[in-house]
Amino acid sequence: MADEMEPSLKPIIDQKSLKWIFVGGKGGVGKTTTSCSLAVQMAKARKSVLLISTDPAHNLSDAFGMKFGKDARPVTGVEGLAAMEIDPNGSINDLISAGGDDAQEAMQGLGGVGSMFQDMAFSIPGVDEAMSFAEVLKQVKGMEYEVIIFDTAPTGHTLRFLQFPSVLEKALEKLSQLSQQFGGMINNLVNARGGLPNGQSFDDVLKRMEDLRNTISDVNRQFKNADLTTFIPVLIPEFLSLYETERMIQELGSYEIDTHAMVVNQLLFPKKDNPCEQCNSRRKMQKKYLEQIDDLYGEDFNVVKMPLLVEEVRGVDSISKFSEMLVKPFQAPE
């Protein structure tokens with residue numbers, strides 16, 4: 001048991017079955033630095049790793065000193081690692097088009113009935129935000145990566161993001177029910193209009209939506225499988241960050257999403273004879289919260305403690321150096 005709970009992310013990296021890793025926490029705690037560092041270490045253990053930012057304030061480009069966009073791009077200097085930044089703001093049309101290239105046109109071609117389908121989907125709370133998840137599915141579909149790491153938005157957005165597979169599943173199920181109720185009428189309407197764009201039938205549209213629902217259902221099952229998915233909270237030793245982390249861990253449990261490792265960032269390690277009053281006072285405060293963290297999570301979590309550095313962690317070399325401390329616990333100077 002002691003080996004499993006070592007103060008390192010090495011057990012995460014060594015877990016060969018992992019497919020999805022989420023990194024999240026309160027704003028300003030070092031999520032992006034942690035996710036980039038984890039991705040660098042993971043790329044040493046796996047053949048192919050994809051790092052995705054779902055945070056509206058994208059920081060991957062700044063962290064690595066490269067420009068990333070909505071398409072996966074290799075990270076220069078890190079073999080086997082690619083990164084991308086997706087727009088978390090979507091629309092119901094993104095969901096519809098995720099079912100096939102022509103499905104969006106098809107829905108528009110249905111006129112009022114297509115609008116009714118969209119209204120039905122929007123009746124599920126959170127479905128508009130869930131479009132970002134559909135966008136992720138579109139982007140990673142067909143990509144063969146062994147591990148996908150998400151650098152997520154601040155806590156509240158992240159928790160909603162993790163509900164999205166269930167939300168989308170419900171929305172598509174409603175659309176499926178609607179099509180069964182009104183299928184005959186819609187087919188007559190389609191025929192009267194001379195068919196759908198590109199020679200599609202209405203059944204083709206429904207099949208694409210059903211295929212998407214099956215894909216999302218499968219991902220939903222994967223997210224709830226601890227062998228395939230884990231969530232790594234990032235925090236700093238302060239009250240609000242610790243409080244938000246505890247709330248997040250409780251909610252992750254209610255979603256059946258595994259979390260058994262965390263990263264505590266920005267720790268001060270002043271020397272005993274350090275004359276800096278602020279440093280010593282802040283370290284005293286940090287020690288109080290570190291004791292609480294150890295009491296709450298020490299037995300069940302890999303708690304990784306990372307130092308506050310004097311320089312920013314930016315660029316591949318800097319991130320690679322910082323990443324070593326995720327797997328080899330930092331030793332404070334005497």
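Residues numbered from 1 in each chain as written. Predicted model: local features only at pLDDT ≥ 70, side-chain atom pairs only at ≥ 80, totals over all residues. Heavy atoms only, no water.

*Asks:* Tell me what's going on with a nonpolar patch on the surface, and back it up with residues and numbers.
*Replies:* A cluster of nonpolar residues, Phe 239, Leu 240 and Tyr 243, forms a patch on the protein surface that exposes about 360 Å² of accessible area. Looking at the secondary structure, you find Phe 239 in helix H10 (residues 239–254). (Patch = residues over 30% accessible without salt bridge, like charges linked within 9 Å, V, L, I, M, F, W, Y side chains within 5 Å. Areas by Shrake-Rupley, 256 points an atom, 1.4 Å probe, with all protein chains shown as cover. Salt bridge = Lys/Arg side-chain N within 4 Å of Asp/Glu carboxyl O. Helix = DSSP H or I, 4+ residues; strand = E, 2+ residues; numbered from the N terminus.)

*Asks:* Outline the environment of Lys 47, listing residues and values.
*Replies:* Here Lys 47 is to be found in the loop between helix H2 (31–45) and strand E2 (49–53). Residue classification places Lys 47 among the exposed positions, given a relative accessible area of 74%. Sequence-wise, Lys 47 and Gly 80 are 33 residues apart; in three dimensions their C-alpha atoms are separated by 5.7 Å. Among all residues touching Lys 47, those that are not within four sequence positions of it are Gly 80 and Glu 146. (Buried < 20%, exposed > 50% of the residue type's maximum accessible area, 1.4 Å probe, protein only. Contact = heavy atoms within 4.5 Å.)

*Asks:* Describe the nonpolar core, listing the residues and the values that go with them.
*Replies:* Counting 40 residues, the largest nonpolar core has Ile 21, Phe 64, Leu 81 and Ile 149 as its most contacted members. Counting 17 residues, the second largest nonpolar core, distinct from the first, contains Phe 22, Leu 50, Phe 150 and Ile 257. (Core = buried A, V, L, I, M, F, W, Y, C linked by side-chain atoms within 4.5 Å.)

*Asks:* How would you explain the packing of H10 against helix H11 (residues 277–297) if you had to name every residue and give the values?
*Replies:* In the contact formed by H10 and H11, the axes pass within 11 Å of each other and the chain directions differ by 15°. When the axes of H10 and H11 are compared, the pair comes out roughly parallel. Crossing of H10 over H11 shows right-handed handedness. Of the residues in H11, those in contact with Phe 239, Leu 242, Thr 245, Glu 246 and Ile 249 of H10 are Tyr 289, Gln 292, Ile 293, Leu 296 and Tyr 297. Split by residue class, the contact of H10 with H11 holds 7 nonpolar, 2 polar and 1 charged. (Axes fitted to C-alpha atoms, helices over the stretch in contact; angles between N-to-C directions. Parallel < 35°, antiparallel > 145°, perpendicular 65-115°, else oblique. Left-handed = near helix turned anticlockwise from the far one by under 90°. Nonpolar A, V, L, I, M, F, W, Y, C, P; charged D, E, K, R; others polar.)

*Asks:* Tell me about the UniProt feature "binding site: ATP" (unreviewed entry) in the protein, residues and numbers included.
*Replies:* Mapped onto this structure's residue numbering, the UniProt feature "binding site: ATP" (unreviewed entry) falls at Lys 26, Gly 27, Gly 28, Val 29, Gly 30, Lys 31, Thr 32, Thr 33, Glu 238 and Asn 265. The residue Lys 26 is located in the loop between strand E1 (20–24) and H2 in this model. Considering the arrangement of structural elements, one finds Gly 30 in the loop between E1 and H2. When sequence neighbours within four positions are dropped, the list of residues in contact with Gly 30 reads Val 234 and Asn 265. (UniProt positions renumbered as here; feature names shortened; annotations may be inferred.)

*Asks:* Tell me what's going on with the packing of H2 against helix H12 (residues 316–327), and back it up with residues and numbers.
*Replies:* At a closest axis distance of 8 Å, the pairing of H2 and H12 adopts a crossing angle of 80°. On the basis of the axis angle, H2 is roughly perpendicular to H12. Packed against H2, whose contacting residues are Thr 33, Thr 34, Cys 36, Ser 37, Leu 38, Val 40, Gln 41 and Lys 44, the element H12 presents Ile 319, Ser 320, Phe 322, Ser 323, Glu 324, Leu 326 and Val 327 at the interface. Taken together, the residues of the contact of H2 with H12 sort by class into 7 nonpolar, 6 polar and 2 charged.

*Asks:* Requested: an account of the pairing of strand E8 (residues 302–307), with residues and values cited.
*Replies:* For a regular strand, side chains alternate in direction, first toward one face of the sheet and then toward the other. With 5 of 6 residues buried, E8 lies mostly within the body of the structure. Relative to E8, strand E7 (residues 261–267) is paired through 5 bridges, and the arrangement is parallel. When the sheet's bridge partners are listed, Leu 267 is paired in E8 with Pro 307. Between the parallel pair E7 and E8, the chain is carried across by H11, and the sense of this crossover is right-handed. (Pairing = 2+ DSSP bridges. Right-handed = clockwise from strand over helix to strand, strands pointing away.)

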